[in-house]
Amino acid sequence: MAPTSTALNTSSSTESTSSTHSIEHLISDRAKNRSFKHFAANADENAPKNFKPHPKPLALSFGRPNAQFFPVKKITVELDHYPFQDTIFENEVIEEQDLVVIDKFPTDKNDLGAGEALQYGDVSGLPNFQKFLREFVETIHKPANSEWAITATNGSGEGLNKVADALINPGDIVLFEEFTFSPFGNNVRNVGGITVPIKLNFKATEGADIDIKYLSHLLDNWNDIYPEYKDRKPKAFYTIPTCQNPTGLTQSTATRKAIYDLASKHDFIILEDDPYGYLTLPPFQKPNKETLVSENSLQIDDYLENHLPKSYLQFDTEGRVIRIETFSKVFAPGLRLGFLVANKKIVEVVKKYSSIVTRAPSGPSQLILLNVIQQRFGGIKGWLQWILRMRLAYAHRRNVLIDSIVSSSAYEKEYIKVISCDAGMFASLLVNFPEGTTDIVDKINLLNYKFLEKGVTVVLGHKMSVNPEFSEPNANFLRLSYAPLDKDEELTEAGKRLGEAVEEFFENGFTY
């Protein structure tokens, strides 16, 4: 990867560029027209001429129960030092388990107390959580435009739904990678938007990626290619740039720059959904728990500079990138906690939507996450160290599964090929049907019954297509996840069963 950042610096200073470019015309009419009023707010537009509010009023207005009504006095969290601490990292020297103790009323003003977290909170997140998120983005991603803001969400799925509301009017076009996280298409259609796929290139000489030539030609010739949408060019492009779901592909820096240039030229928003972005993996090698840490450990500065892909925020001089993040893949999905970064105008309308629909993200989720990061990990640097440990655990499990697959007869006979397994939790396999094979989707569906008979489940790539007819030529791939199984032995057995199923299917003439 090209360099993305230099030394870690947790100060709030960020060199960024303000732009006079306006993106307000890309906000949906629905979001622009939404207003929010609270019955307990004291409006001052009609205040008497000499009115001066008391600096410390005694509140008898808001329906906030006093924190001393809450039955929770203290929360104690016991933490592992490594993922799979008792298996993958069983040989590592680990000091005594650490406890994070969360008081109802902490004495340190930088801590988040249970009394605050169990109370009604701000729709953008509790103040200390917002502070952490902003420092994290400034430190890691260094947005190129100063006119950005941040708001917490109930996970990336909920954040994406708010983004669809903020941008899409009925009839607006959103571009999607031809295979993608298909639930976001439901959000787009729910607000009346139209989904249009773009091509992925599975045969790129330096790794599969988005087909930039196709995308550029599509945008330059939009009215001819889609006459039914004449003069309604795309308003947004939804992309998963690192460990793309379901293909596992990771965009090069050149691709990201090229896409941003196209967004600027054709005036659309980039929706950067990046749940796996921090989990870039070292190259595949034979699994070896004994040397996993010694051979693959990274210093944080090296990770940031050479291994973490650039966010689109770093190219965004015009404020047309919305970055959606989640803590699901680097902490726990059940927190239902994430955040989004965008132009201040977009964050403003997202917050109005939150005020009416979802209100604040879970206080206990913010409480646990922030106190673990601050007390146990020691802030951003320690949080990144935890992510690097997760990276090693994922690398080992990826190695175990892929080693099992490449050791199979099906792989040796070139019936299957590994497309991508260099980030996140997914690997993708190409099923190498002979050139000229027809009815690819039907054959993949039939192969799936062989998988089920052998006792292994996969995701069929075509089931995550935006338009099955458009993507049928590239539908001969499988998505595999090395995240859910408990043991190395199970991953090895899953790869063995997959290889056996493919071999039988091919040698039976593509019949069950």
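Just so you know, these numbers come straight off a predicted model, no measurement behind them.

Trainee: In this structure, what is going on with the domain arrangement of the protein chain? I would like to understand it.
Mentor: How big an interface is tends to be stated in terms of the accessible area lost upon association of its parts. By the assigned domains, the protein chain splits into domain 1 (26-34 + 101-390) and domain 2 (391-507). Each of domain 1 and domain 2 has a C-alpha centre, and these two points are 27 Å apart. Contacts between domain 1 and domain 2 engage 45 residues on the former and 35 residues on the latter. Of the roughly 3500 Å² buried where domain 1 meets domain 2, counting both sides, 65% is carbon and sulfur surface. Together, F179, L281 and F284 form the three largest contributors to the area buried by domain 1 at its contact with domain 2, with a combined 19%. Summed over the shared surface of domain 1 and domain 2, the result is one salt bridge. Between D403 and K286 there is a salt bridge, and its shortest N-O distance comes to 2.8 Å. For the pair domain 1 and domain 2, the number of links is 25 residue pairs in polar contact (both at pLDDT 80 or more). Sorting the residues of the side of domain 1 that touches domain 2 by element identifies β4 (173-177), β5 (194-198), α9 (292-296) and α13 (380-406) as the ones contributing at least two each. The element best represented in the side of domain 1 that touches domain 2 is α13, accounting for four residues. Looking at the side of domain 1 that touches domain 2, its residues break down into 24 nonpolar, 14 polar and seven charged.

Trainee: Quick question: what am I supposed to make of the sheet that holds strand β15 (residues 477-481) here?
Mentor: Remark on secondary structure: sheet strands pair via backbone hydrogen bonds, oriented parallel or antiparallel. Across the sheet, four strands lie side by side as β12-β13-β15-β14; this open sheet has antiparallel pairing. Only two strands of the sheet have a single neighbouring strand rather than two, namely β12 (416-420) and β14 (459-460). Here β14 pairs with β15 via two bridges, running antiparallel. Within the sheet, the bridge partner assigned to V459 lies in β15 and is R479.

Trainee: Is there a simple way to explain the packing of aromatic side chains in this structure?
Mentor: Geometrically, a pair of aromatic rings is defined through the distance of the ring centres and the angle of the planes. As enumerated under the stated definition, the model contains 24 aromatic pairs in all. Look at Y415 and F506: their rings are 4.4 Å apart centre to centre, the planes differ by 20°, and that puts the pair in the stacked class. Highlighted residues: Y415 in the loop between α14 (409-412) and β12 and F506 in helix α17 (residues 488-507), separated in sequence by 91 residues. By the burial criterion, Y415 is buried, and F506 matches it. An aromatic cluster is defined as three or more aromatic residues linked by ring pairs; in this entry it consists of F129, F327, F331, F339, F377, W383 and W386. A cation over a ring is seen here: R134 above W148, with NZ or CZ 3.9 Å from the ring centre.

Reading guide: rules and limits
Residues numbered from 1 in each chain as written. Predicted model: local features only at pLDDT ≥ 70, side-chain atom pairs only at ≥ 80, totals over all residues. Heavy atoms only, no water. Domains from an automatic or database assignment. Contact = heavy atoms within 4.5 Å. Buried area = accessible area lost by both parts, 1.4 Å probe. Salt bridge = Lys/Arg side-chain N within 4 Å of Asp/Glu carboxyl O. Polar contact = N/O pair within 3.5 Å; in protein donor to acceptor, adjacent residues only side chain to side chain. Helix = DSSP H or I, 4+ residues; strand = E, 2+ residues; numbered from the N terminus. Nonpolar A, V, L, I, M, F, W, Y, C, P; charged D, E, K, R; others polar. Pairing = 2+ DSSP bridges. Phe/Tyr/Trp six-rings, centres within 6.5 Å; stacked < 30°, edge-to-face > 60°. Buried < 20%, exposed > 50% of the residue type's maximum accessible area, 1.4 Å probe, protein only. Lys NZ or Arg CZ within 6 Å of the ring centre and 35° of its normal.

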